[in-house]
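So the chains spell out like this:
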Amino acid sequence: MNQAADILDLAAQAIQQNIDAVLATVVRTEGSAYRKPGAMMLICADGRSVGMISGGCLEPHIIKRAFWLTRHGANVQVYQTGDDIRYLNNGDPDSTVVEEGITVKDEDMSEDDFLYGELNFGLGCNGRIHVLFEHLATAIPLLDLIRQVRHTQQPATIATLIRSDSAKIKVPEMKVGTRIYLNQYLKTGSLADVYLNRNMISDSNTFIDDMLLNTIQKLSNHKFHKKNAEYMKLMGDLELQATCDRKHESEWLLQRIYPQTRLLICGAGNDVVPLVTMAKLQDWHVTVIDSRPQYATRLRFSQSDSVLCVALDDSETLLNLSAGAAVAVMSHSLAQDRARLAILLEHSAQYRYLGQLGPRYRTERLIKEISETSANPHILADGIRKLHYPIGYKLGGDGPEALALSIMAQMSAVIYGHAPQTSLPNSQYTIQTSEQSGFNTYKNDYAHD
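Read on for an overview of the structure.

The rules behind each value
- Residues numbered from 1 in each chain as written.
- Predicted model: local features only at pLDDT ≥ 70, side-chain atom pairs only at ≥ 80, totals over all residues.
- Heavy atoms only, no water.
- Helix = DSSP H or I, 4+ residues; strand = E, 2+ residues; numbered from the N terminus.
- Buried < 20%, exposed > 50% of the residue type's maximum accessible area, 1.4 Å probe, protein only.
- Contact = heavy atoms within 4.5 Å.
- Areas by Shrake-Rupley, 256 points an atom, 1.4 Å probe, with all protein chains shown as cover.
- Pairing = 2+ DSSP bridges.
- Axes fitted to C-alpha atoms, helices over the stretch in contact; angles between N-to-C directions.
- Phe/Tyr/Trp six-rings, centres within 6.5 Å; stacked < 30°, edge-to-face > 60°.
- Lys NZ or Arg CZ within 6 Å of the ring centre and 35° of its normal.
- Salt bridge = Lys/Arg side-chain N within 4 Å of Asp/Glu carboxyl O.
- Parallel < 35°, antiparallel > 145°, perpendicular 65-115°, else oblique.
- Left-handed = near helix turned anticlockwise from the far one by under 90°.
- Arc of directions from axis to C-beta.
- Nonpolar A, V, L, I, M, F, W, Y, C, P; charged D, E, K, R; others polar.

### Observations regarding the overall build of the chain
Now for step 1: Helix and strand counts for the chain come out as 12 helices and 18 strands.
Now for step 2: Per-residue burial for the chain yields a buried fraction of 48% across its 449 residues.
Now for step 3: The contacts in the chain between residues at least 6 apart in sequence include a share of 65% that link residues at least 24 apart.
Now for step 4: Working note: accessible area of the chain is about 21,800 Å², and carbon and sulfur atoms make up 49% of it.

### As for the sheet that holds strand 7 (residues 127-135)
Now for step 1: Pairing within the open sheet is antiparallel, and its 5 strands lie in the order 3-2-1-7-4. Each edge of the sheet is formed by a strand with only one pairing partner; in this case those strands are strand 3 (49-51) and strand 4 (75-80). In this sheet, adjacent strand axes meet at a mean angle of 20° when their direction is disregarded.
Now for step 2: Judged from the 9 bridges that link them, strand 1 (residues 21-31) and strand 7 form a sheet pairing that is antiparallel. By the bridge assignment, Glu30 is partnered in strand 7 with Arg128.
Now for step 3: Its contacts with the sheet put helix 1 (residues 4-16) on strand 1, strand 2 (40-44) and strand 3, and the angle it makes with strand 2 is roughly 25°.
Now for step 4: Sitting on the sheet, helix 4 (residues 136-152) is in contact with strand 1, strand 2 and strand 7, with an inclination near 105° to strand 7.

### As for the sheet that holds strand 15 (residues 306-309)
Now for step 1: Judged by pairing direction, the sheet is parallel, and its 6 strands sit side by side in the order 15-14-13-16-17-18 without closing on themselves. Of all the strands in the sheet, the pair left with one neighbour each is strand 15 and strand 18 (387-388).
Now for step 2: Looking at chain direction, strand 17 (residues 353-356) and strand 18 are connected through 2 bridges and run parallel. Bridging across to strand 18, Leu354 finds its partner in Leu387.

### A few points about the environment of Ile7
Now for step 1: Inspection of the secondary structure assignment puts Ile7 in helix 1.
Now for step 2: Accessibility expressed as a relative area gives 1% for Ile7, which makes it buried.
Now for step 3: Ile7 has contacts with Leu23, Met40, Met41, Leu42, Val50, Gly51 and Leu143, leaving out every residue within four places of it along the chain.

### Overview of the side chain of Arg150
Now for step 1: Residue placement: Arg150 occurs in helix 4.
Now for step 2: The residues touching Arg150, leaving out its near neighbours within four places in the chain, are Ala4, Ala5, Leu8, Gln260 and Asp283.

### Let's talk about the packing of aromatic side chains
Now for step 1: For the structure shown, the criterion picks out 0 aromatic pairs.
Now for step 2: The lysine or arginine in question, Arg28, covers the ring of Tyr231, its NZ or CZ lying 3.9 Å from the ring centre.
Now for step 3: Above the plane of the ring of Trp68 lies Arg71, whose end atom (NZ or CZ) is 3.9 Å from the centre.

### A few points about the pattern of salt bridges
Now for step 1: Under the counting rule described, the total for this entry stands at 15 salt bridges.
Now for step 2: In this structure, Glu134 and Arg179 form a salt bridge, with 2.5 Å as the shortest nitrogen-oxygen distance. Here Glu134, found in strand 7, pairs with Arg179, found in strand 9 (residues 179-181); they are 45 residues apart in sequence, far enough to count as distant. As far as the burial class goes, Glu134 and Arg179 line up, both buried.
Now for step 3: Glu251 is the salt-bridge partner of Arg163, the closest N and O atoms lying 2.6 Å from each other. With Arg163 in strand 8 (residues 156-164) and Glu251 in strand 12 (residues 246-257), this residue pair connects regions lying 88 residues apart in the sequence.
Now for step 4: Overall, the relative accessible area of 9% leaves Glu251 in the buried class.
Now for step 5: The network of salt bridges with common partners includes Arg28, Glu30 and Arg128.

### Considerations on the packing of helix 9 (residues 334-345) against helix 10 (residues 360-373)
Angle between the axes and distance between the axes: these two values describe a pair of packed helices.
Now for step 1: Between helix 9 and helix 10, the least distance of the axes is 10 Å, while the angle of their chain directions is 60°. Taken together, helix 9 and helix 10 sit at an angle that is classed as oblique. Two packed elements cross with a definite hand, and for helix 9 against helix 10 that hand is right-handed. On the side of helix 9, the interface is formed by Leu334, Asp337, Arg338, Leu341, Ala342 and Leu345, while helix 10 contributes Arg362, Arg365, Leu366, Glu369 and Ile370.

### Considering helix 2 (residues 59-69)
Now for step 1: For helix 2, the complete set of buried residues consists of Glu59, His61, Ile62, Arg65, Ala66 and Leu69. Projected down its long axis, helix 2 carries its buried residues within an arc of 145°, all on one side.

### Observations regarding unusual backbone geometry
Across residues other than glycine, the phi torsion is negative in most instances, and most of the peptide bonds are trans.
Now for step 1: Following Tyr389, the chain continues to Pro390 via a peptide bond in cis, the omega torsion being -10°.
Now for step 2: Residue position: Pro390 is located in the loop between strand 18 and helix 12 (400-415).
Now for step 3: Here Asn18, not a glycine, exhibits a phi torsion of approximately 55°, which is positive.
Now for step 4: With respect to the element layout, Asn18 can be found in the loop between helix 1 and strand 1.
Now for step 5: Notably, Asp283 is not glycine yet its phi reads approximately 65°, a positive angle.
Now for step 6: Here Asp283 shows up in the loop between helix 7 (272-281) and strand 14 (285-290).
Now for step 7: Overall, the relative accessible area of 10% leaves Asp283 in the buried class.

### Quick notes on the packing of helix 7 against helix 12
Now for step 1: Packing of helix 7 against helix 12 leaves a shortest axis separation of 8 Å and a crossing angle of 45°. The angle between the axes of helix 7 and helix 12 places the two elements in the oblique class. Like other packed secondary-structure pairs, helix 7 and helix 12 cross with a definite hand, here right-handed. Along the contact surface, helix 7 presents Pro274, Leu275, Met278 and Ala279, while helix 12 presents Pro400, Glu401, Ala404, Leu405, Ile407 and Met408.
Now for step 2: Tallied by class, residues from the contact of helix 7 with helix 12 come to 9 nonpolar, no polar and 1 charged.

Any functional reading would require information beyond the geometric quantities listed.
Structural data, given as structure tokens:
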């Protein structure tokens, strides 16, 4: 979740300073949308705001009206970004906007609103964005859960109620914005302690629990595909006293909250600084290690989450840090790179990505030396197949910043499953145990090759 760290920081400040705030969350999109479901924005009463729920088109409007929209509690608004702008007979844009039952008069808007099309959002994107607005007080359990996921590195699954028609069929109603902690239900099989924010109009909790049991079971059984947040509409049977069976319809945002993507950089040279900066812009958790204490200093890498001096023979620490991470080996030292690669190549299932800086012949020399001293060279084969070298994509440019961009591009593509499936000739050096397997599927002719 990009910008999550800034939202968590501002939320903590607002709570400490007793400043009211509103959290806006994209809960559903239709057609083209700049941000995906789960994107958040926090608006404080003192004018501060962080996060984005669009490409900057909706934010000015939302900042102005966030507190007015939540004057009666949490609710979902729908914004259209198509070409269907309404015009008056004289050709001027219609000065009244209708948003999910809310009418905004022209006297409430400034002249800039008309100039930039903020009223009608005629942006040409042809999409619909559903946004949940809620006061910070009700969103605190969600933000606390996000902090917990980032700290423990353990993912969590939650469901947020977007709409329910329970009021229409005269049953106790759960409020929009109610969140269910599905991990707890999967762990215990009961409804105890599954509510992140138990948000109800009625006190008939037992009835509501019975009513939602089937719904929660369906939500818990949902299998995510490539998306981490998905919209779901569910139908449930309600057996009501003195009435016939009725259908209860509810709409939910189902989210899989993942820890930060972790980046381990083996090497603390000057060219690592822009790589750390770019990774932090993506809200990645960054650790820099080096065996040379004069290089591995917090002063040199102030933006990184951790800077450690790790001995070359400390395989346990290296493997712990590389677990589930993207790993870049770039120390500019044959001894350092050889020691790190020797461990990493033997444990290819440990990390999500492995890249080695330097020209191809240098890396092949390292692989040859490692294989010749390995007690079991066959164990290196999977790691070699997974190794990207030279590290990064061929994007052009020169210097550490261009190198960092090429590395981040390749890491992101591999981690998110968008790496190009290009078959290129095998390396000139082929380890005997790999049976002619290619070392990498992408040759980089970048400046560091």
